[in-house]
Amino acid sequence: MGKNEPEAKQWFAIRVTYSREMALKEYLDRCRMESFIPMSYKEVIKGERKVRKLVPVIHNLVFVRSTREKLDEIKRDISLKVPIRYIMDRETRRPLVVPDRQMHSFIAVAGAYDEQIVYLDPTIVSLREGDRVRIVGGVFSGVEGIFIRIRGDRRVVVSIEGVMAVATAFVHPSLIEPVLQK
């Protein structure tokens, strides 16, 4: 990359403190920066009745599509009042970067807010066992991930290495094709 070339935007996994992920998202939205927080519906008691509310699945986690330079600028911005930290890649000791294609698949599944979606801790579930697959039809068409069975159903897992994983709702076998390894 030459000196005058602009740095490419990438997806970074960011940690905030004290469940202030929504405050960071509002700030990023105002700055017109692309971000994503995995959310799901939870039943909460309000007064005397149960209400369905959309809440973050994992507190303190925000995915941000930006340049490293711009994110470092935001980290230094005192007015933000939400300290942010990169989630680091253990091997390279650099901020974890999620490839665009993987993030697109992750958002396609996690952004569906479907109650049948199951979030998984990547340290508990070994995702290496299944075959790499692509969904070729239905609401998750184009999503690539790992084919596994959870609770007896066929699902496709999209994993953000070391951060989290999300599994689709049931996917009919006719909508799944293997992805050939390069």
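Reference entry: report on the structure contained in this document.

Basis of the calculations
- In this numbering scheme, every chain counts its residues from 1 along its sequence in written order.
- Where local features are concerned, this predicted model is filtered to residues with pLDDT of at least 70; where side-chain atom pairs are given and counted, the filter is 80 or more; whole-chain, interface and lining totals use all residues.
- Excluded from the side-chain calculations are hydrogens and water; all other atoms, namely the structure's heavy atoms, are used.
- In this scheme Phe, Tyr and Trp rings, the latter by its six-membered ring, pair at centre separations within 6.5 Å, and the angle between planes marks the pair as stacked below 30 degrees, edge-to-face above 60, and tilted otherwise.
- Comment: elements are numbered from the N terminus, with helices defined as DSSP H or I runs of at least four residues and strands as E runs of at least two.
- Classification of residues uses two cut-offs on accessible area relative to the type maximum, computed with a 1.4 Å probe and protein chains only: under 20% is buried, over 50% is exposed, and between them is partly exposed.
- Residues grouped as a nonpolar core are buried Ala, Val, Leu, Ile, Met, Phe, Trp, Tyr and Cys residues, joined through side-chain atoms within 4.5 Å.
- Any two residues having at least one pair of non-hydrogen atoms within 4.5 Å are treated as being in contact.
- Charged-residue counts in this description rest on Lys and Arg as positive and Asp and Glu as negative, His and the chain ends being excluded.
- A carboxyl oxygen of Asp or Glu within 4 Å of a side-chain nitrogen of Lys or Arg is what we treat as a salt bridge.
- The term polar contact refers here to a pair of N or O atoms within 3.5 Å; inside protein, the definition further demands a hydrogen-donor-capable atom paired with an acceptor-capable atom, and it admits residues adjacent in sequence only when both atoms are side-chain atoms.
- Any two strands with at least two DSSP bridges between them are considered paired.

**Let's talk about the packing of aromatic side chains**
Point 1. Across all of its chains, the model carries three aromatic pairs by this definition.
Point 2. Here the aromatic rings of Phe 36 and Phe 106 are separated by 6.1 Å at their centres, their planes lie at 85°, and the arrangement is edge-to-face. Of this pair, Phe 36 sits in strand S2 (residues 34-36) while Phe 106 sits in helix H3 (residues 100-110), placing them 70 residues apart in sequence.
Point 3. Judged by relative accessible area, which is 8%, Phe 36 ranks as buried.

**Brief notes about the nonpolar core**
Point 1. Counting 25 residues, the largest nonpolar core has Phe 63, Met 103, Phe 106, Ile 160 and Val 163 as the members making the most contacts within it.
Point 2. Sort the elements by how many residues they give to this core and H3 lands first, with four residues.
Point 3. With sequence-adjacent residues up to four places away left out, Phe 106 is seen in contact with Phe 36, Pro 38, Phe 63, Gly 111, Val 158, Ile 160, Met 164, Ala 165 and Val 166.
Point 4. Grouped together as the second largest cluster of nonpolar side chains are 17 residues, Phe 12, Val 16, Met 39 and Val 62 included.

**So, the environment of Ile 117**
Point 1. Inspection of the secondary structure puts Ile 117 in the loop between H3 and strand S8 (118-120).
Point 2. For Ile 117 and Ala 167, which are 50 residues apart along the polypeptide, the C-alpha to C-alpha distance reads 5.7 Å.

**Here we look at the side chain of Glu 21**
Point 1. Within the secondary structure layout, Glu 21 lies in helix H1 (residues 21-30).
Point 2. Of the buried charged residues, Glu 21 lacks a salt bridge, with Arg 20 as the closest side chain of opposite charge at 8.2 Å.
Point 3. Among the polar contacts listed, one links the side chain of Glu 21 to the side chain of His 59, at a separation of 2.9 Å.
Point 4. Not counting residues up to four positions away in its chain, the partners in contact with Glu 21 are Val 16, Ile 37, Pro 56, His 59, Asn 60, Leu 61 and Val 62.

**Notes on the pairing of strand S1 (residues 10-16)**
Side chains on a regular strand alternate between the two faces of the sheet.
Point 1. With five of seven residues buried, S1 is to be regarded as a mostly interior element.
Point 2. Examined bridge by bridge, S1 and strand S5 (residues 61-66) share six bridges and lie antiparallel to one another. Bridge assignment links Trp 11 to a residue of S5, and that residue is Arg 65.
Point 3. Note: S1 against strand S7 (residues 97-98), two bridges, orientation antiparallel. By the bridge assignment, Phe 12 is partnered in S7 with Val 97.
Point 4. Judged from the three bridges that link them, S1 and strand S6 (residues 84-86) form a sheet pairing that is antiparallel. By the bridge assignment, Val 16 is partnered in S6 with Ile 84.

**What to know about the pattern of salt bridges**
Point 1. Scanning the entire structure with this criterion turns up eight salt bridges.
Point 2. As a salt-bridge pair, Asp 29 and Lys 25 come within 3.2 Å of each other at their nearest N and O atoms. You can see Asp 29 and its partner Lys 25 sitting in helix H1, four residues apart, about one turn around the helix.
Point 3. Classification of Asp 29 as partly exposed rests on a relative accessible area of 41%.
Point 4. One connected set of salt bridges, linked through shared partners, spans Arg 101, Arg 132, Arg 134 and Glu 144.

**Some words on unusual backbone geometry**
Point 1. One non-glycine residue, Tyr 18, lies in the positive phi region at around 55°.
Point 2. Take Tyr 18: it is sitting in the loop between S1 and H1.
Point 3. In this structure Tyr 18 comes out as exposed when scored by relative accessible area, which is 70%.
Point 4. The phi torsion at Asn 60 lies on the positive side, around 75°, for a residue other than glycine.
Point 5. Take Asn 60: it is sitting in the loop between strand S4 (49-56) and S5.

**Considerations on the pairing of strand S10 (residues 144-150)**
Point 1. Judged by how many residues are buried, S10 sits mostly within the fold: five of seven residues are covered.
Point 2. Looking at chain direction, strand S9 (residues 132-135) and S10 are connected through three bridges and run antiparallel. Bridge pairing links Val 133 to Gly 145 in S10.
Point 3. As judged from the five bridges shared by S10 and strand S11 (residues 153-160), these two strands associate in the antiparallel manner. Within S11, the residue paired with Ile 150 across the bridge is Asp 153.

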